[in-house]
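Single-letter residue listing:
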Amino acid sequence: MRSSILYFTISFLLILGSCKDEKKTIETSEEKTKPNIVIIYADDLGYGEIGAYGATALKTPNLDKLANGGVRFTNGYASSATCTPSRYALLTGVYPWRNKSAKILPGTAPLIIDVDQPTIPKMLKNQGYHTGIVGKWHLGLGNGNVNWNERIAPGPNEVGFDYSHILAATQDRVPTVYIENGNVVNLDPNDPIEVNYKENFEGEPTGLDNPELLKMKWHHGHNNSIVNGIPRIGFMKGGEAAKWVDEDMADYFLADAQDYVKKHKSEPFFLYYALQQPHVPRTPHPRFVGSSGMGPRGDVIVEADWMVGEFIKTLEAEGLLENTLIVFSSDNGPVVNDGYYDDSEEKLGNHKPAGALRGGKYSLFEAGTRVPFFTYWKGKINPGVSDAMVSQLDLFASLAALTGSEESTNDSQELLDVFLGKSAKGRNEMVIEATSRTAFRKGDWAMIPPYKGPAVNKHVNIELANAAEYQLYNLKEDIAQQHNLASSKPEKLQELITAYETIRGTENTEIQQLELK
Ligand code: NG6
Ligand code: CA
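Here goes a summary of the coordinates provided. (Residues numbered from 1 in each chain as written. Chains lettered and ligands numbered in written order. Predicted model: local features only at pLDDT ≥ 70, side-chain atom pairs only at ≥ 80, totals over all residues. Heavy atoms only, no water.)

### Here's the deal with the overall build of the protein chain
Here is the rule: Under the scheme used here, helices are H or I runs from DSSP no shorter than 4 residues and strands are E runs no shorter than 2 residues, and both carry numbers assigned from the N terminus. Only C-alpha atoms enter the radius of gyration, while the globule expectation follows 2.2 Å times N to the 0.38, with N the number of residues. When a residue's accessible area, from a 1.4 Å probe over protein chains only, is under 20% of the maximum for its type it is buried; when over 50% it is exposed; and in between it is partly exposed.
Along the protein chain, the regular secondary structure elements total 11 helices and 22 strands. For 517 residues, the compact-globule estimate of 2.2 N^0.38 gives 24 Å, and the C-alpha radius of gyration of the protein chain, at 24 Å, lies within 12% of that figure. Referenced to the eigenvectors of the C-alpha coordinate spread, the extents of the protein chain come out at roughly 95 × 65 × 45 Å. Looking at the protein chain residue by residue over its 517 residues, the buried ones come to 59%.

### Comments concerning the pattern of salt bridges
Basically, it comes down to this: Between Lys or Arg on one side and Asp or Glu on the other, a salt bridge is scored when a side-chain nitrogen of the former is within 4 Å of a carboxyl oxygen of the latter.
By the definition in use, this model includes 25 salt bridges. The partner of aspartate 44 in a salt bridge is lysine 361, and the shortest N-O contact between them spans 2.9 Å. One end of the pair, aspartate 44, is in the loop between strand 1 (36-42) and helix 2 (61-69); the other, lysine 361, is in the loop between strand 14 (340-341) and helix 7 (366-369), and 317 residues separate them in sequence. Each member of the pair, aspartate 44 as well as lysine 361, is classed as buried. Lysine 378 is the partner of glutamate 322 in a salt bridge, and the nearest nitrogen-oxygen pair spans 3.6 Å. Note that glutamate 322 is positioned in the loop between helix 6 (295-317) and strand 13 (324-330) and lysine 378 in the loop between strand 15 (373-376) and strand 16 (384-391), a separation of 56 residues in sequence. Look at lysine 378 and you get partly exposed, because its relative accessible area is 32%. Each of Asp43, Arg87, Lys136 and Asp331 takes part in one network of salt bridges that share partners.

### Structural notes on the pairing of strand 2 (residues 71-77)
Convention followed: Here, strands pair whenever DSSP counts at least two bridges between them.
Among the seven residues of strand 2, seven are classified as buried, and the element is accordingly described as predominantly covered. Of the pairings in the sheet, the one linking strand 2 to strand 15 comprises two bridges and is antiparallel in character. Within strand 15, the residue paired with arginine 72 across the bridge is phenylalanine 374. Sheet analysis places strand 2 next to strand 16, joined by six bridges and oriented parallel. Paired with glycine 76 across the strands is valine 390, a residue of strand 16.

### Examining the packing of aromatic side chains
The relation between two aromatic rings is expressed through the spacing of the ring centres and the mutual angle of the planes. Quick reminder of the rule: Aromatic pairs are defined between Phe, Tyr and Trp rings, using the six-membered ring for Trp, whenever the two ring centres lie within 6.5 Å; interplanar angles under 30 degrees are classed as stacked, those over 60 as edge-to-face, and all others as tilted. A ring is considered to have a charge above it if a Lys NZ or an Arg CZ atom is located within 6 Å of its centre and within 35 degrees of its normal.
This model, assessed by the stated rule, comprises 20 aromatic pairs. Taking the centre distance of 6.3 Å and the plane angle of 20° together, the rings of phenylalanine 161 and tyrosine 272 count as stacked. Placement of the pair is phenylalanine 161 in the loop between strand 3 (130-136) and strand 4 (163-167) and tyrosine 272 in strand 12 (residues 269-274), with a sequence separation of 111 residues. Tyrosine 272 gets classed as buried once you look at its relative accessible area, which sits at 1%. Between the NZ or CZ atom of arginine 72 and the centre of the ring of tyrosine 53, over which it lies, the distance is 4.7 Å.

### Considerations on the site of ligand 1
We count it as follows: Near residues are defined by distance, with any heavy atom within 4 Å of the molecule or strand qualifying the residue. By the criterion applied in these results, polar contacts are pairs of N or O atoms within 3.5 Å in which, for protein atoms, one can donate a hydrogen and the other can accept it, and in which residues neighboring in sequence qualify only through two side-chain atoms. Per-residue and other accessible areas follow the Shrake-Rupley method at a 1.4 Å probe size, with only the shown protein chains counted as cover for residues. Under the scheme applied here, ten amino acids are nonpolar (Ala, Val, Leu, Ile, Met, Phe, Trp, Tyr, Cys and Pro), four are charged (Asp, Glu, Lys and Arg), and all others, including Gly, are polar.
As a matter of local geometry, ligand 1 sits amid 19 residues, with Cys83, Asp172, Arg173, Asp338 and Lys361 nearest to it. Between ligand 1 and the protein, one listed contact pairs an oxygen atom with a side-chain N or O atom of arginine 173 at 2.8 Å. The separation between an oxygen atom of ligand 1 and a polar side-chain atom of lysine 361 is 2.8 Å. The protein chains hide 85% of the 450 Å² of surface that ligand 1 would expose on its own. Here the residues of the shell around ligand 1 sort into five nonpolar, seven polar and seven charged.

### Section: the coordination of the calcium ion (ligand 2)
This is how the line gets drawn: Only N, O and S atoms count as donors, using a 2.8 Å cut-off from the metal and 3.2 Å for Na, K and Ca, and because water is excluded some sites may appear unfinished. For a four-donor site, all angles between 85 and 135 degrees give tetrahedral; for four or six donors, opposite pairs above 155 degrees with the remaining angles between 65 and 115 give square planar or octahedral; all remaining cases count as irregular.
Within the first shell, the calcium ion (ligand 2) binds the protein through Asp43 (OD), Asp44 (OD), Asp331 (OD), Asp331 (OD) and Asn332 (OD1), at distances of 2.2 to 2.8 Å. Each of the six donor atoms around the calcium ion (ligand 2) contributes to a set of angles spanning 50 to 173°, which defines the coordination as irregular. Read in sequence order, the donor residues coordinating the calcium ion (ligand 2) give the pattern D-D-x286-D-N. Placement of aspartate 44 in the loop between strand 1 and helix 2 and of asparagine 332 in the loop between strand 13 and strand 14 is noted, with a sequence separation of 288 residues between them. There is no split in this pair, since aspartate 44 and asparagine 332 are both buried.

In structure tokens form, the structure reads like this:
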């Protein structure tokens, strides 16, 4: 009896011991499958803007090196032709038109991601990652009545980021200050910040009334408060010591991104490095002025390229490059004149920001959402070009798969093998969005429903794709969308409308048709 108890105790202990060992091996192999993940996200960078995508006049050696050394997608899409909706989709894996608040937001807008909603950083945090964002946010902050002089929440830290160092909205919108983990950087309590998007604060100069104070002139909009000689959208008072220096912004965020990497190199980390270039106002650091020969817009693209190169050097120096998946893309297509006179149109020369594509930012034509999109992972991803259709929506499910998470969303497709260059089979179809309108891409075909409104946004000089009729294009044969085949291919058109309405619902089509009558 005694000996059998002893036998059982010993074998129990042995089993326990071996379990422990087994757990150890699982943990080590899991650690190996948790590479660092970095998403570098440009703002308004077009499909034709970098060398690897055919640009010749603009030189982008650092981006080219990554694009040519990884998987370069020719059919990579942002979810929307403007910033907020694309960023919402990128982080949540949910189509932005499902969220009525996912529109270009003022600097005072409340946070549009529900704090209970799944997000990439939350998902990765659950997988043991440290998560950080450095750069542009533009997804709203607080609950609708922010006091900029206290901790601002909810914000990035409440939707999954352990660390955040951001600009709230855009470089052309107030408040023009950096916010680190919810607190305005360098805030002087004796000079409190007030922000208002409806009316000016008494006695404060504006772009409209005080042109003599401007170093950059406004073309349309952008005539409210003046900060650093640049007129902005929205009114702001106070916070002098906290105001950013526009020309230093790129260096400021680069230094912070590098610092983040150095601080977190010993654990798996996820960094969302959201560049502010080439969004307006374009304010290259003096050492980049004239670097492109194309005026400030080209200069800030050269600057962004340099920043990416420096950032990669840091990963390399820290010995992390072989263990880091890098994803690069842009939030929407290009715009040359987005509201300031900055010589960008005059000096554009032969450069084609959208490459061969039609439209641009704000447009339902291809250039609105088809953007540079590539993945790079030294030693892991074989260099190549992929024509697979991928959306930024798909990063959620794909990064989940990479890190062993089961999480996903209805809209995000798991395309990990495509992103790693092991499969050429991307999406079959997807809805794209531009300023509250949606269209559809299926196989080689693009369908744009009828929409009222101007065909061209005259301020920015971009074709929006509004028309009274359905439009149907075969992108394989007609990448520039010059031949509308809607009437000659009625069956194809119907196939796309049906597939589109299955995802998007018919309500939207009905409203449009009513409006067009
Ligand atoms: C528009 C601004 C534009 C830009 C855009 C947002 C005007 C006239 N135009 O309303 O300059 O700021 O919003 O760009 O104000 S995005 O890339 O963040 O979506
Ligand atoms: Ca943008």
